[in-house]
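Coordinate inspection notes
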Amino acid sequence: MMLDDLHALKTRMEDEGAIFCFSGPISHQIVIGIGEALKNNMQADRIDTSTSMKIFSIFMEQMQNMMFYSAERLCGPNGEGEFGFGIIVLGRREGEHFVLCGNRIPAAKVERLRGYLSDLVAMSPDQLKQLYRQKRKQGPEADSKGAGLGFIEMARKCSRPLEFDFKPIDADTAFFTIRGFIQ
Amino acid sequence: MEVLEIPAGTGMPAIRLDPVAHSHRFAGESYPENTSEFYAPVLAWVERYLAGLAAEQSAEFNFEIVYFNSSTSKIFMDLFFQLEEAAQSGKAVTVNWIYDRDNEAALEYGEEFAEDLVDLPFHLVEKAS
């Protein structure tokens, strides 16, 4: 990347309404750091509590998803923990806040995730609520590191259906992008 | 049993479980790095405490949580089910879910827990401002 490319990238991001961007390995420290910066930023912008909680919630769920499940991973310098690579853009456009995230996932998981998210975006708020309650009472699925509630939580916090996309990278991996809007 | 006290940290609530006062408190935010690891000693403590709790002794669990992530939500549900089981066996266990008037989500979360708890007294309490 040439020196003047960075300015072009920044300008492009600002044109798209981006306020904040991070791309790289996501550790818990990074989640906490960006989370605190996000809270300060929302407070300074006088965004009301209810809206900021929704933005923060979508941010947190997807950062933790990327930290745990990104197919692109890095070990810490002392072999400790594993970080998942991801990119996150937070911004505001035409009166809506958005949280946009992307990370690599194994190609073998694309169809299952696409099916699951397609079901979620077709659900009414009440159906999402019932699914959330039902899954919370059950145990998580075998390959889940959390409660398996993250995407439902995100869908419930958005003011319109989550948008998502899968772009094949090679035979083994795909790039997964998801975006939530908050009014 | 001894008091279990965990100080608040970023993403970690302050927790104080007191077997003498029988008043227990969870306050702050909850999105620890490893949720099940963080709450394991808490769930184990509560299990032992409930087993030894006398039927005539009332016990109060106060939750004043401003934000929690979805994996914490699952842990809290499990904890409330533990308390509900104690209540079903005749123990005087109650939960106070304390929320800030400005924080609509905190009230909604409390209401949703309450919907899934039939036999556990679960009070939604607006925080005095």
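Refer to the structure above for everything that follows.
Going along each chain's sequence as written, the residues are numbered from 1 onward. Here chains are named by letter from A upward and ligands by number from 1 upward, in the order in which they appear as written. In view of the model being predicted, local features appear only for residues whose pLDDT reaches at least 70, and side-chain atom pairs are presented and counted only at 80 or more, with totals across whole chains, interfaces and linings using the full set of residues. By convention in this description, side-chain values take in all heavy atoms of the structure and omit both hydrogens and water.

1. Some thoughts on the interface of chain A and chain B
What makes two residues a contact is simply this: any of their non-hydrogen atoms within 4.5 Å. Counting residues at the interface gives 28 residues for chain A and 22 residues for chain B. The junction of chain A with chain B conceals about 2300 Å² of combined surface from both sides, 50% of it contributed by carbon and sulfur atoms. Take a side-chain nitrogen of Lys or Arg and a carboxyl oxygen of Asp or Glu: if they are within 4 Å of each other, that pair is a salt bridge. Taken together, the connections running from chain A to chain B amount to 7 salt bridges. One salt bridge connects Glu-112 of chain B with Arg-156 of chain A, and the closest N-O pair in it is separated by 2.5 Å. Values labelled buried area give the accessible surface lost by two parts on being combined, using a 1.4 Å probe and summing over both.

2. Remarks on the sheet that holds strand S2 (residues 14–18) of chain B
Residues and elements named next belong to chain B. Here, strands pair whenever DSSP counts at least two bridges between them. The way it works is that DSSP assigns letters per residue, a run of H or I at least four long becomes a helix, a run of E at least two long becomes a strand, and they are numbered from the N terminus. With respect to topology, 6 strands assemble into an open sheet ordered S1-S2-S3-S4-S5-S6, the strand pairing being mixed. Two strands in the sheet have a free side with no partner beyond their single neighbour: strand S1 (4–6) and strand S6 (122–126). Taken pair by pair, the neighbouring strands of this sheet meet at an average axis angle of 15°, ignoring direction. Here S2 runs beside strand S3 (residues 23–30); their pairing, made up of 5 bridges, is antiparallel. Note that in S3 the partner of Ala-14 across the bridge is Ala-27. Angles here are taken between N-to-C directions and fall from 0 to 180 degrees, while the axes themselves are lines fitted to C-alpha atoms, restricted in helices to the stretch in contact. Against the sheet, helix H2 (residues 70–88) contacts S3, strand S4 (58–68), strand S5 (92–99) and S6, and its axis sits at roughly 170° relative to S4.

3. What to know about the pattern of salt bridges
Residue and element names in this part refer to chain B. This model, assessed by the stated rule, comprises 23 salt bridges over all chains. The shortest N-O distance in the salt bridge between Glu-64 and Lys-127 comes to 3.3 Å. Within this pair, whereas Glu-64 is found in strand S4, its partner Lys-127 is found in the segment after S6, the two being separated by 63 residues in sequence.

4. Describing helix H1 (residues 35–52) of chain B
All names here are of chain B. The end-to-end C-alpha distance of H1, which contains 18 residues, comes to 26 Å, matching closely the 26 Å that a straight helix rising 1.5 Å per residue would cover. Under the scheme applied here, a residue whose accessible area is under 20% of the maximum for its type counts as buried, over 50% as exposed, and between as partly exposed, the area being computed with a 1.4 Å probe on protein chains only. Within H1, the full set of buried residues consists of Thr-35, Phe-38, Tyr-39, Val-42, Trp-45, Val-46, Tyr-49 and Leu-50. On its buried face, H1 sits against S1, S2, S3, S4, H2 and S5. By this rule, a helix spans an expected 1.5 Å times one less than how many residues it contains.

5. Comments concerning the packing of H1 of chain B against H2 of chain B
Residue and element names in this part refer to chain B. Contact geometry of H1 with H2 gives a least axis separation of 11 Å together with a crossing angle of 5°. For the element pair H1 / H2, the angle class is roughly parallel. Counted together, Thr-35, Ser-36, Tyr-39, Leu-43, Val-46, Glu-47 and Leu-50 of H1 and Ser-71, Thr-72, Ile-75, Phe-76, Leu-79, Gln-82, Leu-83 and Ala-86 of H2 form the full contact between these two elements. Each residue belonging to the contact of H1 with H2 can be placed in one class, and the counts come to 9 nonpolar, 5 polar and 1 charged. Orientation labels follow simple angle bins: below 35 degrees gives roughly parallel, above 145 gives roughly antiparallel, 65 to 115 gives roughly perpendicular, and whatever is left gives oblique. Residues are grouped as follows: Ala, Val, Leu, Ile, Met, Phe, Trp, Tyr, Cys and Pro are nonpolar; Asp, Glu, Lys and Arg are charged; every other residue, Gly included, is polar.

6. As for the environment of Ser-36 of chain B
Residues and elements named next belong to chain B. By the element assignment, Ser-36 lies in helix H1. For Ser-36, a relative accessible area of 46% translates into the label partly exposed. Taking the C-alpha atoms as reference points, Ser-36 and Ser-71, separated by 35 residues in sequence, lie 8.2 Å from one another. Among the polar contacts made by the side chain of Ser-36, one reaches the side chain of Asn-34 at a distance of 3.4 Å. Each polar contact in these results corresponds to two N or O atoms within 3.5 Å; when the atoms are within protein, one needs to be able to donate a hydrogen and the other to accept it, and residues that are neighboring in sequence are counted only if both atoms are side-chain atoms.

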